[in-house]
Amino acid sequence: MLLFQVGNNRPSFDIMGSLLAQSENVEDLLEDKKIVGDDNVIEASKRDSESTDDGITSAEMLIISEKVDAVCHDYELKKSMEKSKVIDLGSAGTPRDLQGVIRIDFGDSSGKSVKIGETKYLKGLHPFNSELLDPPHCLQQDSFDEWFLDGFNDQNKKKKFVRGKNMLDAPLDFSIDSVSDKWWFYDLLTPGRCLSDSHLDVIFYYLRKKLKYDPRVTVSATTTDFNFYNKVVELYENFVKSKKNIDSVPTSNMVIEYMEGYCMYANTRWLFVDYVLIYVHVKDDQHWVLVVFDIKNRCLNVYNSMWSKRDGDKMTGLYIWPLVVMLPICLHLMDFYNRREDIDRSKGWFRGKKDSEKLDVFTVTNLPQQLDK
């Protein structure tokens, strides 16, 4: 097994390119459904009864997205400068719990709904209704900027906020973490600032939700969180202490629980996906690296914006190695491949290899590189 192979040996499918290229027309998905309020909406909900952690079905997510687009369109036409908008949920009703979705009104954490006539409205909240990496709508951006810049002074090198203005009256709840300080957003928005595990956990949580619940995304994938990598490292260190005895690895451990779909909101069992996105913190470089586990090709693809030809990513390799060793062992312990009838282990990247054998690793080349180290 070669660590960090580069070139044409790598499986050709680009998971990240595919994720960013999702552009299926929502109208095609809703061609048998009319506007909110029609009985067909109820039928659509019946066809897709699985709800998100927020209690919203995929069908309701599409309905809400349509109405958000309508609200934003009206905003542009009227040149309104209102501080918040409402989203018409129509006969679909108000979801039981919209914890974790983005707020339009960043100063309001209540998310209270009001009833106007026979129609229910939800104030200050909306779901993801755009493609990955799409720029935010001007309504969302203007509202965020006004909220963030209140008490902000970029001219001061250290004290960027007027005393007290950086603290939120009510923390922003992102389900897997809560944020009570604007510094969290300053670090996220400012080039050269280090992102924390909290930033990555929140970002990948929402990516995981989109992968699981957005019907426009056709790639079968999920993500992990920062704790997952820590558990892999912990398992690997104990494995080394046992002189690399596979029998010393517990058949019931946290890594396997992640793989079985537990431990995280919006998690998906690895039995039902082809790719797993894992983020790794390279402490020596104060840098994050993305690792994509390609299950069907039995390899790890490493996306590194600070790749070094001089050392061949040796430093990064030290952090990737626990994944290389422990992922296949854990999959073997849970009898993963015998449960995946769609994977033929007699050919391709599986030929001549044991289930518990180390994974191949490939460095994805031609990526944009960071200038600031």
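Residues numbered from 1 in each chain as written. Predicted model: local features only at pLDDT ≥ 70, side-chain atom pairs only at ≥ 80, totals over all residues. Heavy atoms only, no water.

**Student:** When you look at the overall build of the chain in this model, what are you seeing that I'm missing?
**Tutor:** In terms of helices and strands, the chain carries ten helices and ten strands. The buried share among the 373 residues of the chain stands at 48%. (Helix = DSSP H or I, 4+ residues; strand = E, 2+ residues; numbered from the N terminus. Buried < 20%, exposed > 50% of the residue type's maximum accessible area, 1.4 Å probe, protein only.)

**Student:** Whenever I open this one, helix α5 (residues 138-149) confuses me. Can you help?
**Tutor:** Taking 1.5 Å per residue as the helical rise, α5 with its twelve residues ought to reach 16 Å, and the 16 Å between its terminal C-alpha atoms agrees with that figure. Here α5 has its buried residues at L139, Q140, S143, F144, W147 and F148. One face of α5 carries all of its buried residues, which in axial projection span an arc of 150°. Just past α5, the residue G151 takes up positive phi, approximately 85°. (Expected span 1.5 Å × (residues − 1). Arc of directions from axis to C-beta.)

**Student:** I'm lost on the pattern of salt bridges in this one. Help?
**Tutor:** Pairing is possible between side chains that carry opposite charge, provided their charged atoms lie close to one another. Using the criterion set out here, one finds 14 salt bridges in the structure. For K231, the salt bridge is made with E234, and the minimal N-O distance between the two is 3.8 Å. Of the two residues, K231 and E234 both sit in helix α8 (residues 226-241), three residues apart, roughly one turn of that helix. Its salt-bridge partner being R340, residue D274 comes within 3.0 Å of it at the nearest N-O pair. One end of the pair, D274, is in the loop between α9 (254-259) and β7 (275-282); the other, R340, is in the loop between α10 (314-333) and β10 (360-363), and 66 residues separate them in sequence. Comparing D274 with R340 shows no difference in burial state: the two are buried. By sharing partners, the salt bridges in this structure join D274, K296, R340 and D342 into a single network. (Salt bridge = Lys/Arg side-chain N within 4 Å of Asp/Glu carboxyl O.)

**Student:** In this structure, what is going on with the pairing of strand β4 (residues 167-173)? I would like to understand it.
**Tutor:** Consecutive residues of a regular strand have side chains that alternate between opposite faces of the sheet. Of the strand pairs in this sheet, β4 and strand β5 (residues 178-181) are connected by three bridges, and their pairing is antiparallel. Residue pairing across strands places L172 opposite V179, the latter belonging to β5. (Pairing = 2+ DSSP bridges.)

**Student:** Explain helix α7 (residues 197-213) here, please?
**Tutor:** Given 3.6 residues per turn, any residue in an α-helix points the same way as the ones three and four places further on. A rise of 1.5 Å per residue sets the reference length of α7, with its 17 residues, at 24 Å; its end C-alpha atoms lie 24 Å apart and thus fit the reference within 8%. Most of α7 is tucked away: 14 of the 17 residues are buried.

**Student:** Which parts of the structure should I look at to understand the nonpolar core?
**Tutor:** A general feature of soluble globular proteins is that nonpolar side chains tend to end up buried together. Within the largest apolar cluster, 43 residues are counted, with the highest numbers of intra-cluster contacts made by W270, F293, L300, L323 and L327. Breaking this core down by element, the ones donating at least two residues are α8, α9, β7, β8 (287-294), β9 (299-303) and α10. Ranked by the residues each element gives to this core, the list is headed by α10, at ten residues. (Core = buried A, V, L, I, M, F, W, Y, C linked by side-chain atoms within 4.5 Å.)

**Student:** So what exactly am I meant to see when it comes to the sheet that holds β9 here?
**Tutor:** Hydrogen bonds along the backbone pair up the strands of a sheet, which may run parallel or antiparallel. Within the open sheet, the five strands sit side by side as β6-β7-β8-β9-β10. Their pairing is mixed. One side of each edge strand has no neighbouring strand; the edge strands of this open sheet are β6 (221-223) and β10. Between one strand axis and the next, the sheet turns through 25° on average, direction left out of account. Note: β8 against β9, five bridges, orientation antiparallel. In the sheet register, V291 faces β9, and the bridge partner there is V302. Docked against the sheet, α7 engages β6, β7 and β8, running at close to 155° with respect to β6. Along the sheet, α8 contacts β7 and β8; its crossing angle with β7, the most-contacted strand, is approximately 75°. (Axes fitted to C-alpha atoms, helices over the stretch in contact; angles between N-to-C directions. Contact = heavy atoms within 4.5 Å.)

**Student:** How should the packing of aromatic side chains be read in this particular structure?
**Tutor:** In this description, an aromatic ring pair is defined by two values, namely the gap between the centres and the angle between the planes. In total, this model carries 24 aromatic pairs according to the counting rule given. Where W184 meets F185, the ring centres are 5.0 Å apart and the plane angle is 75°; that geometry is what we call edge-to-face. Among the residues examined, W184 registers a relative accessible area of 13% and is labelled buried. Here the basic side chain of K182 rests over the ring of W147, its NZ or CZ set 5.1 Å away from the ring centre. (Phe/Tyr/Trp six-rings, centres within 6.5 Å; stacked < 30°, edge-to-face > 60°. Lys NZ or Arg CZ within 6 Å of the ring centre and 35° of its normal.)

**Student:** So what exactly am I meant to see when it comes to a nonpolar patch on the surface here?
**Tutor:** Judged by side-chain polarity, L188, L189 and I203 come together as a nonpolar surface patch covering roughly 250 Å² of accessible area. Structurally, L188 is set in helix α6 (residues 183-189). (Patch = residues over 30% accessible without salt bridge, like charges linked within 9 Å, V, L, I, M, F, W, Y side chains within 5 Å. Areas by Shrake-Rupley, 256 points an atom, 1.4 Å probe, with all protein chains shown as cover.)

**Student:** Would you mind going over the pairing of β8 with me for this structure?
**Tutor:** Most of β8 is tucked away: eight of the eight residues are buried. Burial along β8 is two-sided: the face carrying H287, V289, V291 and F293 and the face carrying W288, L290, V292 and D294 are both buried. Sheet analysis places β7 next to β8, joined by eight bridges and oriented antiparallel. Bridge pairing links V280 to V289 in β8. The turn joining β8 and β9, which pair antiparallel and follow one another in sequence, is formed by four residues; a positive phi near 55° is taken by R298.

**Student:** Explain unusual backbone geometry here, please?
**Tutor:** Residues apart from glycine generally show negative phi values, whereas peptide bonds are mostly found in trans. For K243, which is not glycine, the phi dihedral falls at a positive 60°. By the secondary structure assignment, K243 is in the loop between α8 and α9. Positive phi, normally seen in glycine, also occurs at N366, with a value near 60°. Exposure remark for N366: the relative accessible area of 77% places this residue in the exposed category.

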